[in-house]
Amino acid sequence: MNGKKPEDLRSARWFAPDDLRSFGHRSRMMQLGYSEEDFKNKPVIGVLNTWSELNTCHSHFKERVQDVKRGVLQAGGFPVEMPSLSVDESFTKPTSMLYRNLLAMETEEMIRSHPLDGVVLMGGCDKTTPGLVMGAISAGVPMIYLPAGPMLRGNYAGKILGSGSDAWKYWDERRAGNVSDAEWTGIQGGIARSAGTCMTMGTASTMTAIADAMGLTLPGASSIPAVDAGHQRMGAGCGRRIVEMVWEDLTPEKIITDAACRNAAVVAMATGCSTNAVVHLIAMARRAGVDLTLNDLDALGRITPLIANVRPAGKDYLMEDFYYAGGLRALMKQLGDRLDLSALTVTGKSMGENLEGAVVYNHDVIRPLDNPVYAEGSLAVLRGNLCPDGAVIKPAACDPKFYVHQGPALVFDSYPEMKAAIDDENLDVGPDHVLVLRNAGPLGGPGFPEWGMLPIPRALIKQGHRDMLRLSDARMSGTSYGACILHVAPESYVGGPLALLRTGDIVRLNLPERRLDMLVDEEEIARRRAAWVPPRPRFERGYGYMFARHVTQADKGCDFDFLQSDFGRPAGEPDIF
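The model shown is predicted, which means the values in this text are computed figures rather than measured ones.

A. Fine view of the pairing of strand 1 (residues 44–49). With 6 of its 6 residues buried, strand 1 lies for the most part within the structure. Residues of strand 1 alternate between two faces, with V44, G46 and L48 on one and I45, V47 and N49 on the opposite face, all of them buried. Of the strand pairs in this sheet, strand 1 and strand 2 (residues 78–83) are connected by 6 bridges, and their pairing is parallel. Residue pairing across strands places V47 opposite E81, the latter belonging to strand 2. Relative to strand 3 (residues 118–123), strand 1 is paired through 5 bridges, and the arrangement is parallel. Bridge pairing in strand 3 links G46 to V119.

If you want it as structure tokens, here you go:
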């Protein structure tokens with residue numbers, strides 16, 4: 001117990017005073033079946049649970065929340081489960097990214113408006129990690145993150161299957177006529193066979209690793225498979241620890257510092273992270289007042305070797321193998337002084353103390369620094385006349401022959417237009433073409449959907465081609481791979497240069513120089529800009545209307561401008577009368 005006394009608890013404002021309002025609060029707690037002894041003078045812990053019957057990644061959370069509550073009770077706290085927006089990647093359309101900021105808003109306001117002294121954030125599926133963390137940062141109470149954990153590795157016909165990555169792979173083979181209906185059904189049933197997030201190093205595992213490296217989880221929690229008994233123990237551990245954090249007054253602002261954000265970025269690069277790490281990490285950092293930029297991430301990527309041999313950037317292994325090889329603690333131990341080991345974490349100890357005793361058990365899964373999967377980090381940031389505010393590519397997950405490439409653009413203004421064309425076996429396209437999809441960014445998508453891994457045209461698939469340079473202002477799934485340039489900013493929908501590109505224009509990528517350009521002279525670009533007509537707004541009412549007026553561009557993290565820490569003074573505690 002240490003710095004705080006029962007009368008200092010935030011929840012005491014609701015329950016302690018001898019007045020009519022507090023009488024009402026205590027009375028309603030008794031209506032719920034609780035005696036004053038259950039909650040009085042105890043930290044009230046909100047357990048924000050993103051379970052739903054359609055969120056496959058969190059299907060075990062209905063049981064796991066009981067483990068968290070057990071831990072809270074063991075430590076002398078009072079747990080209350082708070083259902084939270086379950087933004088799953090599988091079923092939420094057009095994209096769960098459209099609702100990340102809504103989850104952040106809900107989290108912040110749920111915490112602020114209720115008698116909660118601390119919170120356990122239960123998330124894992126892609127956008128739930130940044131959404132929950134962003135909201136909790138802004139709310140400012142002690143918080144700890146409980147990652148859902150990856151599912152078990154997939155299996156079909158004696159072959160190991162990886163989430164997403166093998167779906168794309170076998171879909172191309174099916175389009176080429178190499179996979180039968182029976183085989184396709186078998187792959188469909190074998191690729192996801194337990195609760196948990198994608199077991200490749202997709203966006204879910206990337207973001208939970210980032211939360212872990214930022215010091216927001218129990219050490220190594222992000223690596224534990226969802227259905228491992230250790231995950232239940234970790235859940236109870238989160239419950240016990242958050243009670244201690246309340247008494248210690250260990251708030252997010254003390255943990256999420258420049259050093260913590262840099263640690264998270266270094267670890268992301270070393271794990272072969274999803275390209276989505278860029279937009280989410282920038283948004284999380286800025287909520288905490290840390291001005292993390294694309295240039296910062298690119299600079300770290302140039303000096304951080306990729307050492308997690310986990311698909312899709314790695315070749316042979318999945319998250320279950322990563323856990324058995326020592327997990328994230330072992331990888332961070334391997335990184336050594338590339339990390340700021342003095343950074344404070346939710347344990348109340350430094351990152352260095354948390355890593356004591358970590359061991360790598362398989363040096364092919366977690367590589368030594370002198371034998372990396374890829375010499376530089378997972379991601380690279382491009383600039384040029386097509387992307388003056390930046391674009392992102394994942395060099396480790398594409399064929400090196402595309403690192404320097406020049407070819408004619410084949411431009412599509414919508415996904416349906418692109419889909420119809422690539423399925424046409426008579427499409428006039430060659431392997432040197434650059435497929436371009438625009439109007440797929442934060443406003444154009446709408447919501448910044450994961451459309452960026454454009455399908456290879458059927459005509460090229462049948463010729464044996466499985467990759468080509470692709471360019472869009474969309475995102476792509478972290479389980480995806482290939483020569484895909486993403487997050488082009490400003491997006492085409494708001495008049496970014498991508499809106500001015502035409503079929504037949506030559507596009508040039510020079511990855512070593514971090515350049516992406518259309519070889520069109522400035523006078524012609526100016527003529528096209530003068531003729532450009534803004535598209536009709538996607539939304540005319542509702543949440544989408546608000547989203548369209550306040551979302552920032554990809555290079556700024558796609559947060560709402562009014563939610564960032566520099567927009568205005570904090571809302572403060574609610575009045576209670």
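B. Quick look at the side chain of D117. Mapped onto the secondary structure, D117 falls in the loop between helix 5 (100–113) and strand 3. The charged side chain of D117 is buried without a salt bridge, its nearest counter-charge being K4 at 5.8 Å. Looking at D117, its side chain comes within polar contact range of the main-chain nitrogen of R10, at 2.8 Å. When near neighbours in sequence (up to four residues on either side) are disregarded, D117 contacts L9, R10, S11, K42, P43, V44, V141, P142 and V246.

C. Up close: empty space enclosed by the protein. Enumeration over the complete set of coordinates arrives at 4 cavities of 30 Å³ or more. If you go around the largest cavity, the residues you meet are D212, G215, T217, P219, G220, L328, R329, M332, T345, M351, N354 and L355. Per-element accounting of the lining of the largest cavity gives the leading share, 3 residues, to helix 16 (residues 327–335). Grouping the amino acids of the lining of the largest cavity by side-chain chemistry returns 5 nonpolar, 5 polar and 2 charged.

D. Region of the structure containing helix 5. For helix 5, built from 14 residues, the straight-helix expectation of 20 Å at 1.5 Å per residue is met to within 8% by its first-to-last C-alpha distance of 20 Å. If you check which residues of helix 5 are buried, you get R100, N101, L103, A104, T107, E108, M110, I111 and R112.

E. Geometry of the sheet that holds strand 12 (residues 484–489). Pairing is mixed across the open sheet formed by 8 strands, whose spatial order is 7-8-12-11-10-9-13-14. Whereas interior strands pair on both sides, the edge strands pair on one side only; in this sheet they are strand 7 (380–382) and strand 14 (515–518). For this sheet the average axis-to-axis angle between neighbouring strands, irrespective of direction, equals 25 degrees. One ladder, built from 4 bridges, connects strand 13 (residues 506–510) with strand 14; its direction is antiparallel. In the strand pairing of strand 14, L509 is matched with L516.

F. Structural view of the sheet that holds strand 3. Judged by pairing direction, the sheet is parallel, and its 4 strands sit side by side in the order 2-1-3-4 without closing on themselves. The sheet terminates laterally at strand 2 and strand 4 (143–147), the two strands that pair on one side only. Averaged over all neighbouring strand pairs, the angle between strand axes comes to 20 degrees, with direction disregarded. Contacts from helix 6 (residues 128–139) reach strand 1, strand 3 and strand 4 within the one sheet, and its direction differs from that of strand 4 by about 175 degrees.

G. Looking closely at the pattern of salt bridges. Counting across every chain of the model gives 42 salt bridges. Salt-bridge contacts for E573 lead to R10; the nearest nitrogen and oxygen are separated by 2.8 Å. Placement of E573 in the segment after helix 21 (542–550) and of R10 in the segment before helix 1 (12–15) is noted, with a sequence separation of 563 residues between them. The class for E573 is partly exposed, based on a relative accessible area of 42%. By relative accessible area, which is 10% here, R10 ends up buried. Put simply, E109 and R112 hold a salt bridge, and the shortest N to O gap is 3.0 Å. On the criterion of helical spacing, the pair formed by E109 and R112 is a turn pair, its members being 3 residues apart in helix 5. The class for E109 is partly exposed, based on a relative accessible area of 41%. Members of the salt-bridge network, linked through shared partners, are E89, D126, K127, E450 and R475.

H. Broad picture of the layout of surface pockets. Of the voids in this model, the largest pocket is the one considered here, and its volume is about 1300 Å³. As for the largest pocket, its lining consists of 45 residues, of which G164, A167, W168, S477 and T479 are closest to the centre. Looking at the lining of the largest pocket, the elements with two or more residues in it are helix 7 (165–175), helix 8 (181–190), helix 9 (203–213) and helix 18 (415–422). Looking at which element gives the most residues to the lining of the largest pocket, the answer is helix 7, with 4 residues. The volume enclosed by the second largest pocket comes to roughly 750 Å³.

I. The packing of aromatic side chains, seen in detail. A full pass over the atoms with the stated rule returns 11 aromatic pairs. On the basis of an interplanar angle of 50 degrees and a centroid distance of 4.9 Å, the ring pair of F15 and F39 is categorised as tilted. Within this pair, whereas F15 is found in helix 1, its partner F39 is found in helix 3 (residues 36–39), the two being separated by 24 residues in sequence. Given the relative accessible area of 8%, F15 is considered buried. Aromatic side chains Y323 and Y324 sit 5.9 Å apart centroid to centroid with 50 degrees between the ring planes, which places their arrangement in the tilted category.

J. Representation of the pairing of strand 9 (residues 404–412). In terms of strand pairing, strand 9 meets strand 13 through 5 bridges, oriented antiparallel. Within the sheet, the bridge partner assigned to V404 lies in strand 13 and is N510. The sheet contact formed by strand 9 and strand 10 (residues 434–437) spans 4 bridges and is parallel. Within strand 10, the position partnered with A409 by the bridge is V434.

About the thresholds
- Residues numbered from 1 in each chain as written.
- Predicted model: local features only at pLDDT ≥ 70, side-chain atom pairs only at ≥ 80, totals over all residues.
- Heavy atoms only, no water.
- Buried < 20%, exposed > 50% of the residue type's maximum accessible area, 1.4 Å probe, protein only.
- Helix = DSSP H or I, 4+ residues; strand = E, 2+ residues; numbered from the N terminus.
- Pairing = 2+ DSSP bridges.
- Lys, Arg positive; Asp, Glu negative; His and termini not counted.
- Salt bridge = Lys/Arg side-chain N within 4 Å of Asp/Glu carboxyl O.
- Polar contact = N/O pair within 3.5 Å; in protein donor to acceptor, adjacent residues only side chain to side chain.
- Contact = heavy atoms within 4.5 Å.
- 1 Å grid on protein atoms, 1.4 Å probe; cavity = no way out; pocket = protein on both sides within 12 Å on 5 of 7 lines; lining within 4 Å.
- Points joined across faces, edges and corners; volume = space filled by probe spheres on them.
- Nonpolar A, V, L, I, M, F, W, Y, C, P; charged D, E, K, R; others polar.
- Expected span 1.5 Å × (residues − 1).
- Axes fitted to C-alpha atoms, helices over the stretch in contact; angles between N-to-C directions.
- Phe/Tyr/Trp six-rings, centres within 6.5 Å; stacked < 30°, edge-to-face > 60°.

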